[in-house]
Protein chains: 2
Amino acid sequence: MPSLRLHHQLLRHCRLSFIPTSLSSSSSSSSSSSLITRSRPLGSTASAVRLMGTMATESTPRLLFRQLFEKESCTYTYLLADVGHPEKPALLLDPVDKTADRDLALIRDLGLKLIYAMNTHVHADHVTGTGLIKTKMPGVKSVISKASQAKADHVVEHGDKIHFGNLFLEVRATPGHTLGCVTYVTGEGPDQPHPRMAFTGDALLIRGCGRTDFQGGSSHQLYQSVHSQIFALPKDTLIYPAHDYKGFTVSTVGEEMILNPRLTKDEETFTSIMKNLNLAYPKMIDVAVPANLACGFQDSTPEARASA
Amino acid sequence: MPSLRLHHQLLRHCRLSFIPTSLSSSSSSSSSSSLITRSRPLGSTASAVRLMGTMATESTPRLLFRQLFEKESCTYTYLLADVGHPEKPALLLDPVDKTADRDLALIRDLGLKLIYAMNTHVHADHVTGTGLIKTKMPGVKSVISKASQAKADHVVEHGDKIHFGNLFLEVRATPGHTLGCVTYVTGEGPDQPHPRMAFTGDALLIRGCGRTDFQGGSSHQLYQSVHSQIFALPKDTLIYPAHDYKGFTVSTVGEEMILNPRLTKDEETFTSIMKNLNLAYPKMIDVAVPANLACGFQDSTPEARASA
């Protein structure tokens with residue numbers, strides 16, 4: 001397996017120098033890459049190598065970012081806010097009904113102003129928290145793709161930009177898991193987060209991808225979406241999926257381009273992998289999909305639909 | 001609840017200017033903090049405010065950082081590596097036996113050289129992966145505090161520095177949950193990560209803290225440890241705990257100083273809160289603690305202990 005550079009810059013022009021220091025450990029650890037030192041001299045004469053060099057310090061980001069986990073459906077909800085803006089405008093991506101109160105408490109505690117509750121697609125495995133959040137925090141607008149055919153305050157399309165303060169997300173159509181799947185990508189520009197962050201929903205998962213056997217899914221479309229819209233992003237772009245079942249929290253475009261066991265294959269192989277997954281019918285789908293078409297409201301009263 | 005500045009710099013000297021743009025949404029969203037724009041003109045004459053300003057771009061960090069989750073015990077394992085160093089030396093903090101293979105596969109996939117498998121303390125709720133990792137990846141050294149009285153290749157004390165490449169962690173003694181608890185804090189300096197990151201184990205949890213009723217626990221000590229060693233760090237220091245049960249992944253010193261329901265109280269109130277938790281006896285303690293005293297080896301053969 002090739003070693004990955006990932007999104008990390010190699011330190012250049014570094015000089016090596018020997019710095020006398022003492023060890024609290026066996027000499028086996030005194031290599032150029034590892035060392036345990038005692039802050040106060042212990043009289044040891046052991047010496048060790050340290051890399052000396054210079055590197056620019058990071059600027060403090062204006063983006064407040066939190067990844068939140070819902071254990072039952074293994075769903076990640078993402079909170080993004082521009083804390084450099086006086087109003088601290090915030091977005092919530094893929095909220096879950098069961099954890100809506102947790103998310104709203106965090107938003108209040110951090111003094112943020114939630115403006116959008118957004119979904120990457122109409123989820124089949126959990127009920128979105130969007131409707132609940134709109135009820136509990138009036139003024140919040142729901143956002144989903146036009147292609148999803150779901151009800152929302154704002155329907156977005158490929159190429160749209162969703163601004164919150166001085167920051168924005170780009171909308172990229174990434175159909176294939178469902179017909180309406182989109183990937184939200186942080187903006188490009190000097191005052192936007194670096195590296196970029198892609199919220200891929202179920203289009204691209206860490207070392208995997210969403211199934212393509214319902215809700216207008218298509219292996220051909222998913223393959224094209226990931227390669228043309230996600231793998232086309234800079235390699236250091238951080239991948240934040242809607243789910244992870246193994247406890248991973250993040251990956252990068254560069255990593256998935258080399259390590260994704262499905263999407264590194266050619267399209268024909270990918271399609272046959274997806275055709276032979278033999279997955280069970282999603283247990284939540286008959287509740288979740290109708291509800292998620294109306295912001296997660298689980299009844300279809302005019303009131304609920306009106307406020308969705 | 002006061003609004004928190006957290007670790008985010010306010011954008012200064014920003015000028016406002018009107019930029020004609022079109023909306024795909026109701027005018028209700030055309031405030032100074034929120035806006036959805038269509039990349040291609042749609043003939044709308046709506047205009048919106050955007051903040052114009054300059055901000056330094058972030059440098060690309062040399063630290064590779066991954067937070068990994070073990071669902072059963074809600075444990076976070078942390079992977080840190082200096083990918084600016086030719087050897088890509090890496091540390092694993094608080095690995096779990098059940099997820100050791102996942103962690104080692106990730107380390108191999110990323111081309112890292114694992115040098116230390118470390119623990120913040122002798123865990124009572126899960127078996128550490130340290131022993132398994134040492135068996136599966138020879139050359140890896142185990143690290144734990146001297147005060148924990150556990151067996152390890154390197155025992156560290158307050159003030160020690162653990163170097164991996166050009167990066168290092170500071171060891172801070174934070175007893176109270178157990179007598180041997182330490183917090184590992186990323187180094188201070190221009191070529192160290194900014195903001196700093198504190199791996200607090202069970203001393204400080206997000207909006208909580210570890211129990212103090214066994215393994216030499218002491219509410220008085222825990223209160224002193226958190227206030228003198230963790231709350232004394234810069235407010236923007238990121239808090240990465242050993243566990244979270246609600247799906248939070250990170251907090252900051254500034255946040256916990258204002259929002260932690262236990263540690264914002266005076267010591268007397270804190271002690272009485274801790275005295276009255278009435279928690280159940282940890283179901284794993286009788287297996288986990290003896291094993292974790294020997295790097296997680298669940299037998300006490302001389303071979304196991306020798307290789308611990």
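Residues numbered from 1 in each chain as written. Chains lettered and ligands numbered in written order. Predicted model: local features only at pLDDT ≥ 70, side-chain atom pairs only at ≥ 80, totals over all residues. Heavy atoms only, no water.

In the annotation of an unreviewed UniProt entry, chain A is listed under the name persulfide dioxygenase and assigned to Asparagus officinalis. For chain A, the Cofactor (unreviewed entry) comment in UniProt is given as "Fe(2+)". We quote the UniProt Sequence similarities (unreviewed entry) comment for chain A here in full: "Belongs to the metallo-beta-lactamase superfamily. Glyoxalase II family." (UniProt positions renumbered as here; feature names shortened; annotations may be inferred.)

J.: Help me understand the overall build of chain A, please; the structure alone is not making it clear to me.
T.: Summing up its helical and strand segments, chain A has seven helices and 15 strands in all. When burial is assessed residue by residue, chain A has 61% of its 308 residues classed as buried. Once local pairs closer than 6 in sequence are excluded, the contacts in chain A between residues at least 24 apart make up 63%. A total of about 11900 Å² of accessible surface is found on chain A, and carbon and sulfur atoms cover 55% of it. (Helix = DSSP H or I, 4+ residues; strand = E, 2+ residues; numbered from the N terminus. Buried < 20%, exposed > 50% of the residue type's maximum accessible area, 1.4 Å probe, protein only. Contact = heavy atoms within 4.5 Å. Areas by Shrake-Rupley, 256 points an atom, 1.4 Å probe, with all protein chains shown as cover.)

J.: Would you mind going over the packing of helix α3 (residues 219-230) of chain A against helix α5 (residues 267-275) of chain A with me for this structure?
T.: Helix-helix packing: each pair is described by the crossing angle between the helix axes and the interaxial distance. Residue and element names in this part refer to chain A. Direction vectors running N to C along α3 and α5 enclose 130°, while the axes themselves pass 9 Å from each other. It follows that α3 is oblique to α5 by the angle criterion. By crossing handedness, the relation of α3 to α5 is classed as right-handed. Between α3 and α5, the contacting residues are S219, H220, L222, Y223 and Q224 on the first element and E267, F270, T271 and M274 on the second. When grouped by side-chain class, the residues that make up the contact of α3 with α5 number four nonpolar, four polar and one charged. (Axes fitted to C-alpha atoms, helices over the stretch in contact; angles between N-to-C directions. Parallel < 35°, antiparallel > 145°, perpendicular 65-115°, else oblique. Left-handed = near helix turned anticlockwise from the far one by under 90°. Nonpolar A, V, L, I, M, F, W, Y, C, P; charged D, E, K, R; others polar.)

J.: Quick question: what am I supposed to make of the UniProt feature "domain: Metallo-beta-lactamase" (unreviewed entry) in chain A here?
T.: Residues given the UniProt feature "domain: Metallo-beta-lactamase" (unreviewed entry) here are residues 74-243 of chain A. Helix and strand shares over residues 74-243 of chain A are 17% and 31% respectively, and the end C-alpha atoms of the span are 5 Å apart.

J.: Explanation requested: the sheet that holds strand β10 (residues 161-164) of chain B in the structure shown.
T.: For sheets, the rule is that strands pair by backbone hydrogen bonds, running either parallel or antiparallel. Strand order in the open sheet made by the seven strands is β2(A)-β10(B)-β11(B)-β12(B)-β13(B)-β14(B)-β15(B), with mixed pairing throughout. Strands at the two margins of the open sheet, each flanked by one partner only, are β2 (34-37) of chain A together with β15 (251-252) of chain B. Sitting on the sheet, helix α3 (residues 219-230) of chain B touches β11 (167-173), β12 (182-186), β13 (197-201) and β14 (238-241) of chain B, and the angle it makes with β11 of chain B is about 145°. (Pairing = 2+ DSSP bridges.)

J.: Which parts of the structure should I look at to understand helix α1 (residues 100-109) of chain A?
T.: Note that an α-helix has 3.6 residues per turn; residues three or four places apart therefore point the same way. For α1 of chain A, a buried count of seven out of ten residues is recorded, marking the element as mostly surrounded by other parts of the structure. Looking at α1 of chain A, one finds that the buried residues are A100, R102, D103, L104, L106, I107 and D109 of chain A. Summarising the contacts, the buried residues of α1 of chain A are in contact with β4 (63-70), β5 (75-82), β6 (89-93), β7 (113-118) and α2 (130-136) of chain A together with α4 (253-259) of chain B.

J.: Quick question: what am I supposed to make of the confidence of the model for chain A here?
T.: In regions of low pLDDT, the predicted coordinates are not meant to be interpreted in detail. All names here are of chain A. Per-residue pLDDT for chain A has a mean of 82; in total, 78% of the residues score no lower than 70. Here residues 1-31 is a poorly scored stretch, pLDDT under 50, and it has 94 contacts once near neighbours within four places are set aside; other chains count. Counted against residues more than four places away or in other chains, residues 40-60, with its pLDDT under 50, gives 66 contacts. Under the prediction, the complex receives an ipTM of 0.81, its pTM being 0.82. (pLDDT = per-residue confidence, 0-100.)

J.: When you look at the pattern of salt bridges in this model, what are you seeing that I'm missing?
T.: Any two side chains of opposite charge can pair, given that their charged atoms come close. The final tally for this structure, using the stated rule, is 26 salt bridges over all chains. For E188 of chain B, the salt bridge goes to R196 of chain B, with nearest N and O atoms at 3.6 Å. Between R207 of chain B and E255 of chain B there is a salt bridge, with its nearest N and O atoms 2.7 Å apart. Here R207 of chain B, found in the loop between β13 and α3, pairs with E255 of chain B, found in helix α4; they are 48 residues apart in sequence, far enough to count as distant. One connected set of salt bridges, linked through shared partners, spans R66 of chain A together with R207, E255 and E256 of chain B. (Salt bridge = Lys/Arg side-chain N within 4 Å of Asp/Glu carboxyl O.)

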